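Structural characterization, general
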Amino acid sequence: PPRDRADIVRLSTRVSGARIGGPAPAIKAAVTLTPLGGHLVAEGFWNAPSVSSMTAWQQRIWQGRDTYAKVVRAGFLYPWGFPASYVTEGIRTFKVSAGNEITAFWQIRETVIVTQPDRDLGGGSGGSEAGKRGALFTSVHCRTIQTPPLAPTGNDSPGGQWAGLKTFTPEVLKPSGGRETFGFELVGIDPDGHEVPFTQPLLFAERAVTDDATGQG
């Protein structure tokens, strides 16, 4: 997508949102040219919240055709605020058509990975405002580390501070047809230290680009 390409350019040429040049992380790439077409293996890894939410990109091309692509964007799972990554993969697959012909398809696979599965909600020095207001739990642990492949995601962005950012509630395809909301397996710790397991849908929201001076989105 155009946005992904634009972010790759920004991440490989900028050390901050406004500053061009300097020691920006380089893209690693291996290129081979042959009479049958070019081969490319390229990747980039970043942690530049003042430039983009993209944290990783991989691309593989064989004889001039894309065979694999991967984009990872940082975000959070609400209402608990688990840091997470939204992963989009494109995979070249081959299928036999109704006419018994082998055809190549570009298959998109989307998943969400929980990168920090523990949230402290207590009212102590490390606690959040939710804990200070007397939340039900002092901490929450997410047992689900990665979702299964998701149903095609849209964008539920409500506008305002979320305008232009990817936000959605993960859903999966049902074997019987249609789709259903995916439930994350969670464990809450109440103020008495008791574990309370429960399942809950969560909202993924892409990390906003932060301001260089304030660190705020």
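About the thresholds
- Residues numbered from 1 in each chain as written.
- Predicted model: local features only at pLDDT ≥ 70, side-chain atom pairs only at ≥ 80, totals over all residues.
- Heavy atoms only, no water.
- Pairing = 2+ DSSP bridges.
- Helix = DSSP H or I, 4+ residues; strand = E, 2+ residues; numbered from the N terminus.
- Salt bridge = Lys/Arg side-chain N within 4 Å of Asp/Glu carboxyl O.
- Buried < 20%, exposed > 50% of the residue type's maximum accessible area, 1.4 Å probe, protein only.
- Axes fitted to C-alpha atoms, helices over the stretch in contact; angles between N-to-C directions.
- Lys, Arg positive; Asp, Glu negative; His and termini not counted.
- Polar contact = N/O pair within 3.5 Å; in protein donor to acceptor, adjacent residues only side chain to side chain.
- pLDDT = per-residue confidence, 0-100.
- Contact = heavy atoms within 4.5 Å.
- Phe/Tyr/Trp six-rings, centres within 6.5 Å; stacked < 30°, edge-to-face > 60°.
- Lys NZ or Arg CZ within 6 Å of the ring centre and 35° of its normal.

A word on the pairing of strand S13 (residues 195–200). Taken together, the six bridges between strand S12 (residues 184–189) and S13 define a ladder with antiparallel strand orientation. Note that in S13 the partner of Val187 across the bridge is Pro197. Linking S12 to S13, which pair antiparallel, is a turn of five residues; within it Gly193 sits at a positive phi near 90 degrees.

Moving on to the pattern of salt bridges. Scanning the entire structure with this criterion turns up seven salt bridges. Linking Arg73 and Asp4 is a salt bridge whose minimum nitrogen-to-oxygen distance equals 2.9 Å. Of the two residues, Arg73 sits in strand S4 (residues 65–78) while Asp4 sits in helix H1 (residues 2–11), which places them 69 residues apart along the sequence. Across the pair Arg179 and Glu171 runs a salt bridge whose closest N-O atoms are separated by 2.6 Å. The exposure class of Arg179 is partly exposed, given its relative accessible area of 40%.

Our focus in this paragraph is the sheet that holds S13. The strand order S7-S8-S12-S13 describes an open sheet built from four strands, whose pairing is antiparallel. With partners counted over all chains shown, the strands left at the sheet margins are strand S7 (118–120) and S13, one partner each. If you compare each strand with its neighbour and ignore which way they point, the axes differ by 20 degrees on average.

This paragraph deals with the side chain of Asp190. Locating Asp190 in the fold gives a position in the loop between S12 and S13. Despite its burial, Asp190 remains without a salt bridge, the nearest opposite charge being carried by Arg143 at 14 Å. One polar contact links the side chain of Asp190 to the main-chain amide nitrogen of His194, over a distance of 2.8 Å.

Time to look at the confidence of the model for the chain. On average, residues of the chain carry a pLDDT of 85, and 84% of them reach 70 or more. Within the model, pLDDT remains below 50 along residues 213–217, and this stretch shows seven contacts once partners closer than five positions in the same chain are excluded.

The next thing to look at is the packing of aromatic side chains. Enumeration according to the criterion identifies eight aromatic pairs in this entry. Where Phe168 meets Phe204, the ring centres are 5.5 Å apart and the plane angle is 40 degrees; that geometry is what we call tilted. A residue pair is termed long-range when its members are at least 10 positions apart, and Phe168 in strand S9 (residues 167–168) and Phe204 in strand S14 (residues 203–206) qualify at 36 residues. Like Phe168, the residue Phe204 is buried in the burial classification. Seen from their ring centres, Phe182 and Phe184 are 5.0 Å apart, and the 80 degrees between their planes marks the pair as edge-to-face. Residue Phe182 shares its accessibility class with Phe184, and that shared class is buried. Through a chain of ring-to-ring contacts, three or more aromatic side chains come together here, namely Trp80, Phe137 and Phe198. Note that Lys95 overlies the ring of Phe105, its terminal NZ or CZ placed 5.5 Å from the centroid.

With that settled, consider the pairing of strand S8 (residues 139–142). Burial along S8 is one-sided: the face carrying Val140 and Cys142 is buried and the face carrying Ser139 and His141 is not. Note that S8 and S12 share four bridges and pair antiparallel. For His141, the partnering residue across the bridge sits in S12 and is Val187.

So, on to the environment of His141. Relative to the assigned elements, His141 resides in strand S8. On the basis of relative accessibility, which here comes to 28%, the residue His141 falls in the partly exposed class. Sequence separation between His141 and Gln116 is 25 residues, and the spatial gap between their C-alpha atoms is 9.1 Å. The contact partners of His141, leaving out residues within four places of it in the chain, are Phe82, Pro117, Asp118, Glu185, Leu186 and Val187.

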